[in-house]
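Working through the structure, step by step
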Amino acid sequence: MSQAETTISNRVIMDLYQGMVLAEERLRVEEKSINLYPFDTKRKERVTEQLLMRPELQEVDLIVGPLFGGPINAATRFSKEKEINIFNPVSSNAQILEENPYTFLLKPTHETMAEALAYSA
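Report follows, based on the coordinates. The structure displayed is predicted, hence computed values, not measured ones.

Remarks on the packing of aromatic side chains
Inspection of every chain in the model, using the stated rule, returns 0 aromatic pairs. When the ring centre of phenylalanine 68 is taken as reference, the NZ or CZ atom of arginine 43 above it lies at 3.9 Å.

Comments concerning the packing of helix 2 (residues 45–52) against helix 3 (residues 69–82)
Contact geometry for helix 2 and helix 3: axes closest at 7 Å, N-to-C directions at 30°. Taken together, the axes of helix 2 and helix 3 lie roughly parallel to each other. Handedness of the helix 2/helix 3 crossing: right-handed. Residues Glu45, Thr48, Glu49 and Leu52 of helix 2 lie in contact with helix 3, whose contacting residues are Gly70, Pro71, Asn73, Ala74, Ala75, Arg77 and Phe78. Across the contact of helix 2 with helix 3, the residue classes break down as 5 nonpolar, 3 polar and 3 charged.

What to know about the side chain of asparagine 100
Position of asparagine 100 among the secondary structure elements: in the loop between strand 2 (85–88) and strand 3 (103–105). At 2.9 Å, the side chain of asparagine 100 forms a polar contact with the backbone nitrogen of tyrosine 102. Residues in contact with asparagine 100, not counting those within four places in the same chain, are Thr76, Ser79 and Lys80.

Examining the sheet that holds strand 1 (residues 62–64)
The 3 strands are arranged 1-2-3 in an open sheet whose pairing can be described as parallel. If you trace the sheet from one side to the other, it starts and ends with strand 1 and strand 3, each paired once. For this sheet the average axis-to-axis angle between neighbouring strands, irrespective of direction, equals 20°. Relative to strand 3, strand 2 is paired through 3 bridges, and the arrangement is parallel. Paired with isoleucine 86 across the two strands is threonine 103, which belongs to strand 3.

A closer look at a negative patch on the surface
Side chains of Glu98, Glu99, Glu111 and Glu115 sit close together on the surface and give a patch of like negative charge. By secondary structure assignment, the location of glutamate 99 is in the loop between strand 2 and strand 3.

Things to note about empty space enclosed by the protein
The full count for this structure, using the stated rule, is 1 cavity of 30 Å³ or more. In this structure, the largest cavity occupies an estimated 40 Å³ of space. Contributing to the lining of the largest cavity are Gly65, Pro66, Ile72, Ala75, Thr76, Ile86, Asn88, Ile96 and Thr103. Put simply, the parts of the chain that give the lining of the largest cavity at least two residues each are helix 3 and strand 2.

Conventions adopted
Residue numbers restart at each chain and count upward from 1, following the sequence in its written direction. Where totals are concerned, whole chains, interfaces and linings use all residues; where local detail is concerned, this predicted model gives features only for residues with pLDDT of at least 70, and gives and counts side-chain atom pairs only at 80 or more. In computing side-chain properties, one takes all heavy atoms of the structure into account and sets aside hydrogens as well as water. What counts as a ring pair is set by centres within 6.5 Å for rings of Phe, Tyr and Trp (its six-membered ring), and what kind of pair is set by the plane angle: stacked under 30 degrees, edge-to-face over 60, tilted for all other angles. Our definition puts a charge over a ring when NZ of Lys or CZ of Arg is within 6 Å of the ring centre and also within 35 degrees of the ring normal. Convention adopted: a line fitted to C-alpha atoms gives each axis, helices being fitted over their contacting stretch, and angles between N-to-C directions are expressed from 0 to 180 degrees. For the purposes of this entry, the term helix denotes a DSSP run of H or I that reaches at least four residues, the term strand denotes a run of E that reaches at least two, and both are numbered from the N terminus. In what follows, roughly perpendicular refers to angles from 65 to 115 degrees, roughly parallel to angles under 35, roughly antiparallel to angles over 145, and oblique to any angle outside these ranges. By convention, the crossing between two helices is left-handed when the near helix turns anticlockwise from the far helix through less than a right angle, and right-handed when the turn is clockwise. Contact between two residues is taken to exist if any of their heavy atoms lie within 4.5 Å; hydrogens are not considered. Residue classes follow a fixed rule: Ala, Val, Leu, Ile, Met, Phe, Trp, Tyr, Cys and Pro count as nonpolar, while Asp, Glu, Lys and Arg count as charged, and any other residue, Gly among them, counts as polar. Polar contacts here mean pairs of N or O atoms no more than 3.5 Å apart (in protein, one a potential hydrogen donor and the other a potential acceptor; neighbouring residues in sequence count only if both atoms are side-chain atoms). The pairing criterion is simple: DSSP has to find at least two bridges between the two strands. Patch criteria: residues need more than 30% relative accessible area and no salt bridge. Like-charged residues are merged within 9 Å; nonpolar side chains of Val, Leu, Ile, Met, Phe, Trp and Tyr are merged within 5 Å. The method behind every accessible area is Shrake-Rupley, applied with a 1.4 Å probe, and residues are considered shielded solely by the protein chains displayed. One speaks of a salt bridge when a side-chain nitrogen belonging to Lys or Arg is within 4 Å of a carboxyl oxygen belonging to Asp or Glu. Only four residue types enter the tally: Lys and Arg on the positive side, Asp and Glu on the negative side, with His and both chain ends excluded. The location of each charge is read from NZ of Lys, CZ of Arg, CG of Asp or CD of Glu. Using only the protein atoms, space was sampled on a 1 Å grid; points where a 1.4 Å probe fits but cannot get out form cavities, open sets with protein on both sides within 12 Å along at least five of seven lines form pockets, and lining residues are those with an atom within 4 Å of a point. Grid points are joined across faces, edges and corners, and a volume is the space filled by probe spheres set on the points.

These figures come from the coordinates and say nothing about function on their own.
Printed below as a string of structure tokens:
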């Protein structure tokens, strides 16, 4: 990944995190509470597996991310095993959805976009 791609990627991640922090603050004002547990997976599956063993993550209601390929496998296994919804806001990769009813994407998959284009033609 080039320096420019890394900078853009890091910016997207920071924007996403800052948005989540703002949402947490707004909910607190409305007397609704959520707990955010941000972690750096270092884009590695093994690091993600170790993070997912932490006690505070055993009963979470939702996982946002991981945002990179390596950690996604560990997170989706954990999600399926614990029946915890996992939401990926940046990926279009249909493989993330395979065999896990608890996994959701914000963006349409490439297959979905192709079907929509074929239907509209």
